[in-house]
Amino acid sequence: MAPEARIKIFLKNSATAICAGLVVLASFSLGAEAARRHYRSHHHHAPEVAAVPPRALPYPQLPLPFEIPGAQYLPLAWVDVKGWSDDDHLAAYKTFRASCRSINAQTGASEPKALEQKALGSSLSEPCRAAKSREPTDDASAKTFFEENFSPLRISRLGEPDGFVTGYYEPVLDGSRTQTEIYNVPVYRRPSNLFVRGFNQASVSLPNKGPVYRKIGRRKLVPYYDRGEIEDGKIAGRGLEIAWLKDPTDLLFAQIQGSARIKFDDGATIRLNYDSYNGYPYTAVGRILIERGIIPKEEMSMQKIREWMAQNPDGAKELRRQNRSYIFFHEVNLSDKDEAVGAQGIPLTAGRSIAVDKSLHVYGTPFFIEGELPIESDRAKTPFHRLMIAQDTGSAIIGPARADLYFGAGADAGRVSGRLRHPMHFVMLVPKSLDPAMRAARLPVPDPRPSEKIARLFPQPPAAKPVASAATSGKDETVAVANPVPLPAPRPVIEPVREPRRHMKNRSHQQ
């Protein structure tokens, strides 16, 4: 064979071999990829398959504007607040401005520490600044002020439709500066060995609930004396007596009210206010008389309790000691014309001031209270719809919709307040900066719901628990995370036809 022919045959065979090799490599590559797909579809734990990251929803769980433990609340429109237009808003405005003087005087350094745990926090400073420059002269302008600066919020204890009110007043009692045969019931100031954890013993303000101790030596702490031990003389003779009263029942009711005026034989008067207590929870003696069947519930009043105690001195002693709580007083510099000073540190306003749970609420908060109360008589159902201002507290006032209504000083105020133990509607006025309805309006709208046909194609597993988002790392926020959207099933693996490859290999081998 000629050399040229041999070269042509060699080149032809070489080209055929190269083409066959390329086909084999291509077939091997396609087969390997198919194998990898097949392996991935049957081995979900394969390390080279990356997990689908969770998909963060576009609407994170924003914090609530405020939260009151154990409470339920509902935003209202002003037209839905029953009796709102019938109140004397100018009288309520004057009481609110009195609270604002105390709020505006608070320093920025001390304010957050005292208010950060409470629902409204320091938000009342905004309407108080607005009130500082306004001096309404009629009811309409005062009403407009509240509507422009607050939003109404119906509030009650969780699971209950209404709140609950009682009444209190300032007793006016006869007394003596010294002990006599007639005046032999001591009124004590706070003992020096009374100790509350976290507070200096000489602190002006001590909590009105929680444990209270008696310090023995430098370190040993034991619960303080209860009412029975104090009445038996455990702290007598230490110079703690402020004054002396005739009747232990007078002292009991002065302690329940938290203040008193004591008139002496020489015409002088001293004013006493709540200072501290001995650490035991308040027990209502009226409830005990009801439970024992002594006084029917529908007839219960402060006057009924007084009458029973006067007729049963031995039983009265035992009944008093059922209430182990004991109140200590301090003397305040007020004239007879001034009202009692509340826990906010300002004189109260009869018919407008209320005592609230200070662990939940901020002094100065307006509450609109509506319902029926026995104001005129024991059986009367007098409509009551009045804007009240939180300016005081008490150890028995516990809960988000619980208030003690202050009615002033003297016997008449005592008779009215002693009849009150009634459910009422509570509407808390919330500063506009915390309006939950306005905040809700700023939340983004969720994604539109997919059609039923599309939803059937992607069955969703149970929702995952919220986890911290990487975008908010270092912040105290959580983002709702949805489970990964399941992908469609992979295409079936189609094995390549191997017959042509074997034929090509054979041909190459043969040649």
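Just so we're clear, the structure is a prediction, and the values are computed from it rather than from any experiment.

Peer 1: What's the story with the overall build of the chain in this structure? I'm lost.
Peer 2: Within the chain one finds 14 helices and 19 strands. Burial statistics for the chain: of 511 residues in total, 41% are counted as buried. Of the contacts made within the chain by residues no fewer than 6 positions apart, 78% connect residues no fewer than 24 positions apart.

Peer 1: Just checking my understanding: could you explain the sheet that holds strand 9 (residues 220–223) for this structure?
Peer 2: Hydrogen bonds between backbone groups are what pair the strands of a sheet, and the pairing can be parallel or antiparallel. Ordered in space as 7-8-9, the 3 strands form an open sheet in which the pairing is antiparallel. Where the open sheet ends on each side, the last strands, each with one partner, are strand 7 (194–195) and strand 9.

Peer 1: Can you help me understand the state of the cysteines in this one?
Peer 2: Here a disulfide denotes a covalent bond joining the sulfur atom of one cysteine to the sulfur atom of another. According to the stated counting rule, one finds 1 disulfide in the structure shown. Each sulfur in the disulfide pair C100 and C128 lies 2.1 Å from the other. Here the disulfide of C100 and C128 is left-handed, its torsion about the S-S bond being about -75°. Of this pair, C100 sits in helix 2 (residues 89–105) while C128 sits in helix 4 (residues 125–132), placing them 28 residues apart in sequence. Accessibility expressed as a relative area gives 1% for C128, which makes it buried.

Peer 1: Looking at this model, I keep getting lost on helix 4. Mind explaining?
Peer 2: For an α-helix, the turn length of 3.6 residues means that residues three or four places apart are oriented alike. Those residues of helix 4 that fall on the buried side of the exposure criterion are S125, P127, C128 and A131. All buried residues of helix 4 project into a common sector of 160° when viewed along the axis, lining one side. Considering only its buried residues, helix 4 is in contact with helix 2, helix 5 (139–149), strand 3 (150–157) and strand 18 (421–431).

Peer 1: What is the right way to read the nonpolar core from this model?
Peer 2: One broad rule of soluble globular proteins: the nonpolar side chains tend to lie buried together. Grouped together as the largest cluster of nonpolar side chains are 64 residues, with contacts concentrated most on F96, F146, I354, I369, L405, F426 and L429. Apart from the residues within four sequence positions on either side, F426 is in contact with L153, R154, I155, G163, F164, V165, F367, F368, I369, A401, R402 and A403. Core analysis: the next-biggest nonpolar cluster, separate from the first, contains 28 residues, Y188, Y224, Y277 and I327 among them.

Peer 1: Mind showing me how you'd approach the side chain of Q344 here?
Peer 2: Its location among the elements puts Q344 in the loop between strand 13 (327–332) and strand 14 (353–355). Look past the residues within four positions of Q344 in its chain and what remains in contact with it is S99, S102, I103, Y363, G364, A390 and Q391.

Peer 1: Would you take a moment to explain the pattern of salt bridges for this structure?
Peer 2: Proximity of charged atoms lets side chains of opposite charge pair with each other. All chains considered together, the criterion is met by 19 salt bridges. A salt bridge links E135 to R97, with the shortest nitrogen-to-oxygen separation between them at 2.5 Å. In this pair, E135 is assigned in the loop between helix 4 and helix 5 and R97 in helix 2, connecting sequence segments 38 residues apart. For R190, the salt bridge is made with D275, and the minimal N-O distance between the two is 2.6 Å. Taken together, the residues R190 in the loop between strand 6 (185–188) and strand 7 and D275 in strand 12 (residues 269–277) connect sequence positions 85 residues apart. Take R190 and D275: they sit in the same class, and that class is buried. Taken together, the shared-partner salt bridges in this structure form one network comprising R227, E231, D232, R320 and R321.

Parameters and conventions
- Residues numbered from 1 in each chain as written.
- Predicted model: local features only at pLDDT ≥ 70, side-chain atom pairs only at ≥ 80, totals over all residues.
- Heavy atoms only, no water.
- Helix = DSSP H or I, 4+ residues; strand = E, 2+ residues; numbered from the N terminus.
- Buried < 20%, exposed > 50% of the residue type's maximum accessible area, 1.4 Å probe, protein only.
- Contact = heavy atoms within 4.5 Å.
- Pairing = 2+ DSSP bridges.
- Disulfide = S-S within 2.5 Å.
- Arc of directions from axis to C-beta.
- Core = buried A, V, L, I, M, F, W, Y, C linked by side-chain atoms within 4.5 Å.
- Salt bridge = Lys/Arg side-chain N within 4 Å of Asp/Glu carboxyl O.

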